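Spelled out, the chains give:
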Amino acid sequence: MSFAKSKFHHKNLPVNDLGLTYRDYEGAISTLCAGCGHDSISAAIVHACAELSIEPHKIAKMSGIGCSSKAPNYFLNNSHGFNTVHGRMPSVTTGANLANKDLTYLAMSGDGDSASIGLGQFAHVVRRQLNMVYMVANNGVYGLTKGQLAATSDRGVKNKIGDTSLFNDIDLCVMALQLGASFVARCFSGDKNQLIPIIKAAIAHQGFAFIDIISPCVTFNNHPGSTRSYDYVQEHVTARAVTDFVPIKEEINHEVPEGKFEDVCLHDGSIMRIHKLDANYDTTDRFKALQDVERHKAKGEILTGLLHLDPTAQHYHELNNTTDTPLNQIKQDLLCPGERVLSTINDSFR
Amino acid sequence: MKKTDVSTYDHFLKVVDCQQACPAHTPVPEYIRLIADKRYSDAYLLNWQSNVFPGVLGRVCDRPCEPACRRGRVEEEPVAIFRLKRVTADLKDDISARLPKAPEHKNGKTVALIGAGPASLTVARDLVPLGYEVTIFDRDFKGGGMMRSQIPAFRLPESVLDEEIDYILNMGVKTEFGTPITSLHKLLKDNYDAIFVGTGAPKGRAINIPGVKEADAHIALGIDWLSNVSFGHNDKAPKRVVVLGGGNTAMDCCRTAKRLGGTDVKVVVRSSYAAMKASPWEKKDAAAEGIDIIVNHTPKEFVMKNGKFVGVAFEQVESIYDRGGNRVLKQTGKTLFVECDLVLVAVGQDTSFPWIERDIGLDFNEWGQPELNDKTLQSSIDKVFFGGDAAFGPENIITAVAHGHKAAISIDLFCQGVNPEQRTDSDFALISQKMGMHEWSYQNITDHEVRHAVPHISWEKAVKELATEVELGFDDQLALQEAKRCLNCDVHTVFTESTCIECSACDDICPVDCINFIEDIPDNTRPAQELLKGKLHLDKATDEQDYLISDKLKTGNIMVKDEDMCLHCGLCAERCPTGAWDMQKLTLSNVEATIK
Ligand SMILES: Cc1cc2nc3c(=O)[nH]c(=O)nc-3n(C[C@H](O)[C@H](O)[C@H](O)COP(=O)(O)OP(=O)(O)OC[C@H]3O[C@@H](n4cnc5c(N)ncnc54)[C@H](O)[C@@H]3O)c2cc1C
Ligand SMILES: Cc1ncc(C[n+]2csc(CCOP(=O)(O)OP(=O)(O)O)c2C)c(N)n1
Ligand code: SF4
Ligand code: SF4
Ligand code: SF4
Ligand SMILES: [Mg+2]
């Protein structure tokens, strides 16, 4: 067996604020097919977390079932993780987040996991505005079960064995926009210059952040008839804007040409600098985003980039007015004040 | 950007750092793999083909391959390449039957070789199997040149030297030993078809300071003194010996003096310790044998007292480097007096051609060196060729061997009536090493493993015996462990633009961030180094290797791989869904022809 990644690294590899290199954020060596887009997403997550200097033990990786949901094993070896039941990642994440809101929740799901079996769970976690990063590795098929068409597949496309997609596709970005997600983006796994800053911004964003990542399945969905193949996506991808993520500690240069740039201040003080390619583009305009996505789709294009961002939206804990101290850190006597207090409460209802 | 030229072997040979650095381009990784397979005889013969003296070089080579070795860039210390070379000689079977022989029918051409050092012996080895009748002249009574006369037996046992010289002489070389050549003019009249001059750099440099005449009986030139020891004319040294100079000759002098009875042996050198010319391992061994090295002192006078020699006076100096990086010695005003009975002067050697008449058409340059064609080693008399230390001044054995190969090719062409500049280059092949899923024909997993030290006899015993070899060499187990440290740099990452789908899997997996996909840069003229600055994952850590730059890919982007840090781990090829990367072994059909 000659399949192990050497611990040697480049002598010029930078270290982050914690003294770690990005190699310290890697996971086990991937067992996905060679060339799988999901591996590129893993690499982007590794770089994003390293660049943000997040302590690995302050991250929880959440996933369902699928090749995409296996991927958390291939990044962040020193983080927490929960590989849940198919389509049930959102409820488990909600529970975890309720118990410990101090962790960064990075969820990795698939289009099968989120748009088929887990669609109901997906819709509700968006509504709930849970503070998490929800990533879907969108390959248009059920990779793990050998290439059945997923609900995100465009109507009319054929899968590898020749089955045609008869039904309308589900666009998870459109759903997320409709259901009020405060951060919605679409990316391509093959474009790290776009993906890494967007993952970083999604992590910095306080609230529900959704990223739909087109992630070609080299084995079951990379044939000429597919609209999720490397060739097709590379030819049809268009971006609304080039996004840069500027962490809090870096100084902001205010002299940017008017009209072309937009700086959006995130909750934690970091900045998303958006270099607009489309002059009418406005991150806060949810309706426009919906229209743009649909319009490009009608033209046969895949619109990528940050689609919508509302840094002021309230998230789950704010809406529910939960305690500042995470529940898992509250001692038993406070959580469970005892029989006397309970009877006082009960008495108040009598 | 300009695509890397992969239509010749140049880029690939350069990637094999050790092979490129070896003057004879020995296929190092290939023989290391053979050692790992315990195929010692095959490994020996592969060495022998390129460097002619594996047993000798495995002990005393200057090893320019090691500082170049990739392992030294990705880790701390290079692969112990020359130690492994010795293993092939120590553990091989009898290989004499596998050596080339002179053909029964000669080609009718005669060649005279002057001097029987490694350069001439290499020429003989290359020409005799082709049917040349070769005569080798030396003023000494045995072959080997300075390998025999200068390099002490405690570093290089005579039996090892004899064996490898005999392999060549027994092929059917005519020897005229004990025969100094005193006139090139005369030799030219003997109508040899070609003459090769391999007379080395046999003249030791003297030091001209006050007292040199008076103290004459107590001063010897290092190289003359060493050859007297080698040939048994001298087997004693006085108790107190001072060696002047900081090169390898100085190290051999002091260590020999210690073995011949010197109890207080000092080396005094003008430079700092770091700037000494001696190899680091020579300095270390001398220190281990209890020799004092006094640095930053320059000799001022050989001091006589009442007509008796008492010692050497020195001035302390400081090395200062001027803007051009040249060393200037500045006196500090302090002095030092070292008492001693014998001074060995080891401050350099020169070539010596009193036997070449200056009016026979052989041109010399302003430094008294023959004018030579760099590419062919041909002199201004077309049938006379030079090589080894005689050609450009003192170097080392492996350089002499490389010159020998180069000159042999020239002589062969010349004797066939072809201009030696019209050389045919080596063919090359790149062969896939893929054996199956996750399986390569070479050991591609690499991780940290420190260099293994060579065992040696105790230093107390070492300094007592002149002819006992100090180093013991690796045994098969140590050899196996050290062999595993080799990164197989001759198994190349070969990229095919037309099959790449730009999925970035290779870029993601590469442990050392070699691989980049970037927008093409519309500039064909400026150097890649400059154009790529800041555009890749990481800037170069060293400048030892080039970039591998692809043609435009489908999206218009290009692939740029930095060859500097690549581990040859094959993960890129393993991860590539389309086989756009493959790990392919470079083989050269004629390694000697690649020596340029
Ligand atoms: C003390 C010392 C230690 C060294 N240690 C090392 C070492 O560890 N590793 C290493 O790689 N190199 C070492 N070298 C250098 C190495 O020995 C030489 O670079 C190498 O031997 C040069 O080979 P050559 O064939 O050019 O000539 P040489 O080996 O010098 O051989 C030249 C031969 O020509 C003969 N000759 C000269 N003039 C005439 C003439 N007119 N007629 C007939 N014969 C003649 C000489 O007798 C001699 O035998 C050392 C050198 C010295 C002085
Ligand atoms: C409850 C349940 N139903 C069905 C399955 C079978 N199953 C495993 S993975 C999968 C689809 C995964 O598709 P997707 O989420 O798109 O992941 P991909 O492999 O494409 O990345 C299905 C249907 C299961 N594991 N559990
Ligand atoms: S690692 Fe092996 S092949 Fe590479 S330079 Fe070193 S010895 Fe040569
Ligand atoms: S062989 Fe490929 S993956 Fe391995 S270090 Fe070299 S470029 Fe990187
Ligand atoms: S893994 Fe292969 S196909 Fe993918 S980018 Fe690298 S070379 Fe191209
Ligand atoms: Mg899928």
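Quantities reported herein were computed from a predicted structural model and do not represent experimental measurements.

Draft legend 1. Quick peek at the interface of chain B and chain A. With 37 residues of chain B at the contact, the number on the chain A side is 32 residues. Between chain B and chain A, the buried area comes to about 2900 Å², and carbon and sulfur atoms account for 56% of it. For the pair chain B and chain A, the interface holds 3 salt bridges. In this structure, Asp39 of chain A and Arg575 of chain B form a salt bridge, with 3.3 Å as the shortest nitrogen-oxygen distance. Remark: the boundary between chain B and chain A carries 21 residue pairs in polar contact (both at pLDDT 80 or more). Those elements giving two or more residues to the side of chain B that touches chain A turn out to be helix 7 (71-74), strand 18 (439-440), helix 20 (505-509) and helix 22 (571-575) of chain B.

Draft legend 2. Geometry of helix 14 (residues 248-259) of chain B. Residues and elements named next belong to chain B. With 12 residues, helix 14 should cover 16 Å at 1.5 Å per step; its first-to-last C-alpha distance of 17 Å lies within 8% of that length. Those residues of helix 14 lying buried are Ala250, Met251, Asp252, Cys253, Cys254, Arg255, Thr256, Ala257, Lys258 and Arg259. The first or second residue beyond helix 14 is Gly261, which carries a positive phi of 120 degrees.

Draft legend 3. View of the site of ligand 2. Residue and element names in this part refer to chain A. Close to ligand 2 lie 17 residues, the nearest being Cys67, Ser68, Asp111, Gly112 and Asp113. Between ligand 2 and the protein, one listed contact pairs an oxygen atom with a backbone N or O atom of Leu144 at 2.9 Å. Contact with the protein chains covers 74% of the free accessible surface of ligand 2, which is 580 Å². Of all the secondary-structure elements, those providing two or more residues to the shell around ligand 2 are helix 2 (67-70), helix 4 (111-115) and strand 5 (141-142). Broken down by element, the residue count for the shell around ligand 2 peaks at 3 residues, all from helix 4.

Draft legend 4. Spotlight on the environment of Tyr281 of chain A. Residues and elements named next belong to chain A. For Tyr281, the position within the fold is in the loop between strand 12 (271-276) and helix 9 (286-298). Classification of Tyr281 by relative accessible area gives buried; the value is 1%. Between the C-alpha atoms of Tyr281 and Asp292, which are 11 residues apart in sequence, the distance is 9.1 Å.

Draft legend 5. Fine view of the pattern of salt bridges. All names here are of chain B. Here the structure, examined in full by the defined rule, presents 60 salt bridges over all chains. Notably, a salt bridge pairs Arg125 with Asp126, separated by 3.0 Å at the nearest N-O pair. Asp126 carries the same exposure label as Arg125, and that label is buried. Linked through salt bridges whose partners overlap, the residues forming this network are Asp17, Arg70, Arg73, Lys540, Glu544, Asp562 and Asp564.

Draft legend 6. Broad picture of the coordination of the magnesium ion (ligand 6). All names here are of chain A. The coordination sphere of the magnesium ion (ligand 6) contains the protein donors Asp111 (OD), Asn139 (OD1) and Val141 (O), at a distance range of 2.1 to 2.2 Å. We note that the donor set of the magnesium ion (ligand 6) lies within a single chain, spaced as D-x27-N-x1-V. In this pair, Asp111 is assigned in helix 4 and Val141 in strand 5, connecting sequence segments 30 residues apart. Here Val141 falls in the buried class, since its relative accessible area comes to 2%.

Draft legend 7. Up close: the sheet that holds strand 16 (residues 428-432) of chain B. All names here are of chain B. Strand order in the open sheet formed by 3 strands is 16-23-19, with antiparallel pairing between adjacent strands. Unpaired on one side and paired on the other, strand 16 and strand 19 (491-495) mark the two borders of the sheet. Each strand of the sheet is rotated relative to its neighbour by a mean of 45 degrees, with strand direction disregarded. As paired elements, strand 16 and strand 23 (residues 581-588) share 5 bridges and run antiparallel to each other. Counted as the bridge partner of Phe428 is Leu588 from strand 23.

Draft legend 8. Just the packing of helix 1 (residues 37-51) of chain A against helix 7 (residues 192-204) of chain A, in detail. Residue and element names in this part refer to chain A. Axis separation between helix 1 and helix 7 bottoms out at 9 Å; the angle between their running directions is 55 degrees. For the element pair helix 1 / helix 7, the angle class is oblique. Once helix 1 is placed against helix 7, the crossing between them reads as right-handed. Listed contacts from helix 7 to Ser40, Ile41, Ala43, Ala44, Ile45, His47, Ala48, Cys49 and Glu51 of helix 1 are Lys192, Leu195, Ile196, Ile199, Lys200 and Ile203. When grouped by side-chain class, the residues that make up the contact of helix 1 with helix 7 number 10 nonpolar, 2 polar and 3 charged.

Draft legend 9. Up close: the packing of aromatic side chains. Throughout the structure, instances matching the rule amount to 12 aromatic pairs over all chains. Measuring from ring centre to ring centre gives 5.9 Å for Phe353 of chain B and Phe386 of chain B, while their planes differ by 80 degrees; the resulting arrangement is edge-to-face. Here Phe386 of chain B lies in strand 15 (residues 384-386) and Phe353 of chain B lies in the loop between strand 14 (349-350) and strand 15, a separation of 33 residues in the sequence. When its relative accessible area of 5% is taken as the criterion, Phe353 of chain B is described as buried. A relative accessible area of 0% places Phe386 of chain B in the buried class. Above the face of the Phe287 of chain A ring, Arg286 of chain A is positioned so that its terminal group lies 5.5 Å from the ring centre. Arg259 of chain B extends its terminal NZ or CZ atom over the ring of Phe154 of chain B, reaching a point 3.6 Å from the ring centre.

Draft legend 10. Quick look at unusual backbone geometry. Residues and elements named next belong to chain B. Even without glycine at this site, Ser504 takes up a positive phi of about 70 degrees. Judged by its relative accessible area of 7%, Ser504 falls in the buried class. Look at Asp513: it is not a glycine, yet its phi comes out positive at around 55 degrees. Among the secondary structure elements, Asp513 is positioned in the loop between helix 20 and strand 20 (515-519).

Draft legend 11. How the structure looks around a nonpolar patch on the surface. All names here are of chain A. Residues Leu98, Leu327 and Leu335 make up a contiguous nonpolar surface patch of about 230 Å² in total accessible area. Residue position: Leu98 is located in helix 3 (residues 89-99). Residue classification places Leu98 among the partly exposed residues on the basis of a relative accessible area of 31%.

Draft legend 12. Representation of the sheet that holds strand 3 (residues 104-110) of chain A. Residue and element names in this part refer to chain A. In spatial order, the strands read 2-1-3-4-8-7-13-9; together these 8 strands make up an open sheet with mixed pairing. Each edge of the open sheet is held by one strand with a lone partner, namely strand 2 (80-83) and strand 9 (237-239). On average, each strand axis in the sheet is tilted by 20 degrees relative to the strand beside it, whichever way the strands run. Pairing of strand 7 (residues 183-188) with strand 8 (residues 208-214) involves 6 bridges; the strand directions are parallel. Along strand 8, the bridge assignment pairs Ala185 with Ile211. The sheet strands contacting helix 7 are strand 3, strand 4 (132-138), strand 7, strand 8, strand 9 and strand 13 (302-309), and the helix crosses strand 7 at an angle near 160 degrees.

Draft legend 13. Structural view of the environment of Glu104 of chain B. Along the chain, Glu104 of chain B falls in the loop between helix 8 (81-91) and strand 1 (110-114). The sequence separation of Glu104 of chain B and Gly211 of chain B amounts to 107 residues, and the corresponding C-alpha distance is 61 Å.

Draft legend 14. Examining the packing of helix 9 (residues 118-127) of chain B against helix 11 (residues 158-169) of chain B more closely. Residues and elements named next belong to chain B. At their nearest, the axes of helix 9 and helix 11 sit 9 Å apart, and the two run at 40 degrees to each other. Between helix 9 and helix 11, the interaxial angle falls into the category oblique. Contacts between helix 9 and helix 11 involve Leu121, Ala124 and Arg125 on the former and, on the latter, Ile165, Ile168 and Leu169. Taken together, the residues of the contact of helix 9 with helix 11 break down into 5 nonpolar, no polar and 1 charged.

Draft legend 15. Local environment of the pairing of strand 19 of chain B. Residue and element names in this part refer to chain B. Of all 5 residues making up strand 19, 5 are buried, and the element is well covered by its neighbours. Going residue by residue along strand 19, you find Val491, Thr493 and Phe495 tucked away on one face and His492 and Val494 tucked away on the opposite face as well. The sheet contact formed by strand 19 and strand 23 spans 5 bridges and is antiparallel. Among the inter-strand pairings, Phe495 is bridged to a residue of strand 23, identified as Trp581.

Definitions and limits used
Residues numbered from 1 in each chain as written. Chains lettered and ligands numbered in written order. Predicted model: local features only at pLDDT ≥ 70, side-chain atom pairs only at ≥ 80, totals over all residues. Heavy atoms only, no water. Contact = heavy atoms within 4.5 Å. Buried area = accessible area lost by both parts, 1.4 Å probe. Salt bridge = Lys/Arg side-chain N within 4 Å of Asp/Glu carboxyl O. Polar contact = N/O pair within 3.5 Å; in protein donor to acceptor, adjacent residues only side chain to side chain. Helix = DSSP H or I, 4+ residues; strand = E, 2+ residues; numbered from the N terminus. Expected span 1.5 Å × (residues − 1). Buried < 20%, exposed > 50% of the residue type's maximum accessible area, 1.4 Å probe, protein only. Near = heavy atom within 4 Å. Areas by Shrake-Rupley, 256 points an atom, 1.4 Å probe, with all protein chains shown as cover. Donors = N, O, S within 2.8 Å, 3.2 Å for Na, K, Ca; no water. Pairing = 2+ DSSP bridges. Axes fitted to C-alpha atoms, helices over the stretch in contact; angles between N-to-C directions. Parallel < 35°, antiparallel > 145°, perpendicular 65-115°, else oblique. Left-handed = near helix turned anticlockwise from the far one by under 90°. Nonpolar A, V, L, I, M, F, W, Y, C, P; charged D, E, K, R; others polar. Phe/Tyr/Trp six-rings, centres within 6.5 Å; stacked < 30°, edge-to-face > 60°. Lys NZ or Arg CZ within 6 Å of the ring centre and 35° of its normal. Patch = residues over 30% accessible without salt bridge, like charges linked within 9 Å, V, L, I, M, F, W, Y side chains within 5 Å.

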